[in-house]
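Spelled out, the chains give:
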Amino acid sequence: MVKSKIAAIKDWIKTMGFELVKSHNLSGEEVKINYYSLGNFGIYEEISIKKLAGSTKEPKLRFISWNPWGVDFEVSSLKDLIDAYQDSKSFSPEMPI
């Protein structure tokens, strides 16, 4: 994912008031997961921090959207994330705006 999309998603998460619920590492120290939640809607940030010796590549980052009904998908843009949030909100109107 390009940096501009990552920045837009992170800014939206912050602006909307998502709360960091949990953070942990998987596979030793190779993958870090940050879980963010807002009402019944959430997103997690998966950061692959494994680096090969001598590599200058930046860590791989992806976002996964989730909700209590078991629907989750990899977010490829801010529009995807906003659409998923609006869909969840239509099923659960008590969610924050």
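The preceding data block contains the structure.
Throughout this description, residue numbers start from 1 for each chain and increase along the sequence as written. A pLDDT threshold of at least 70 governs which residues receive local features in this predicted model, and a stricter bar of 80 or more applies before side-chain atom pairs are shown or counted, although totals over entire chains, interfaces and linings include all residues. Hydrogens and water are ignored here; the side-chain numbers use all heavy atoms of the structure.

**Student:** How would you explain helix α1 (residues 3-16) if you had to name every residue and give the values?
**Tutor:** Strands here mean DSSP runs of E at least two residues long; helices mean DSSP runs of H or I at least four residues long; both are numbered from the N terminus. To estimate the expected span of a helix, count its residues, drop one, and scale the result by 1.5 Å. With 14 residues, α1 ought to run about 20 Å at 1.5 Å a step, and its terminal C-alpha atoms sit 20 Å apart, in line with that. Partly exposed residues are those whose accessible area sits between 20% and 50% of the maximum for their type, while under 20% is buried and over 50% is exposed, using a 1.4 Å probe and protein chains only. Listed as buried for α1 are I6, I9, W12 and I13. Along α1, the residues classed as buried sweep out an arc of 130° about the axis, all on the same side. Seen from the open side of α1, the exposed residues pointing more than 90 degrees away from its buried face are K3, S4, K14 and T15. Looking at the residues trailing α1, positive phi occurs at G17, about 90°. Throughout, the arc means that of the directions going from the helix axis to the C-beta atoms.

**Student:** Outline the sheet that holds strand β4 (residues 60-66), supporting the account with residue identities and numerical values.
**Tutor:** For two strands to be treated as a pair, DSSP must find at least two bridges joining them. Within the open sheet, the 5 strands sit side by side as β1-β2-β3-β4-β5. Their pairing is antiparallel. Edge strands, defined here as strands with exactly one partner in the open sheet, are β1 (19-26) and β5 (72-75). If you compare each strand with its neighbour and ignore which way they point, the axes differ by 20° on average. Pairing of strand β3 (residues 41-48) with β4 involves 7 bridges; the strand directions are antiparallel. Counterpart to I47 in the pairing with β4 is L61. Between two residues, a contact is recorded if the distance between any of their heavy atoms is within 4.5 Å. Helix axes are fitted only over the stretch in contact, all axes being lines through C-alpha atoms; the angle between N-to-C directions runs from 0 to 180 degrees. Across the sheet, α1 touches β2 (31-38), β3, β4 and β5, and the angle it forms with β4 is around 45°.

**Student:** So what's going on with the environment of I9? Residues and values would help.
**Tutor:** Tracing the chain through its elements places I9 in helix α1. Classification of I9 as buried rests on a relative accessible area of 0%. Along the sequence, I9 and F63 sit 54 residues apart, while their C-alpha atoms lie 8.7 Å from each other. Aside from chain neighbours lying at most four places away, what touches I9 is M1, I43, F63, V75, S77, L78 and L81.

**Student:** Which residues make up the side chain of E45, and what values do they have?
**Tutor:** In this structure, E45 sits in strand β3. Polar side-chain contacts of E45 include one of 3.1 Å to the side chain of K10. In this structure the side chain of E45 is engaged in a polar contact, spanning 3.4 Å, whose partner is the side chain of Y36. A 3.5 Å cut-off defines polar contacts: any pair of N or O atoms within that distance qualifies, except that in protein one atom must be a possible hydrogen donor and the other a possible acceptor, and neighbouring residues in sequence count only when both atoms are side-chain atoms.

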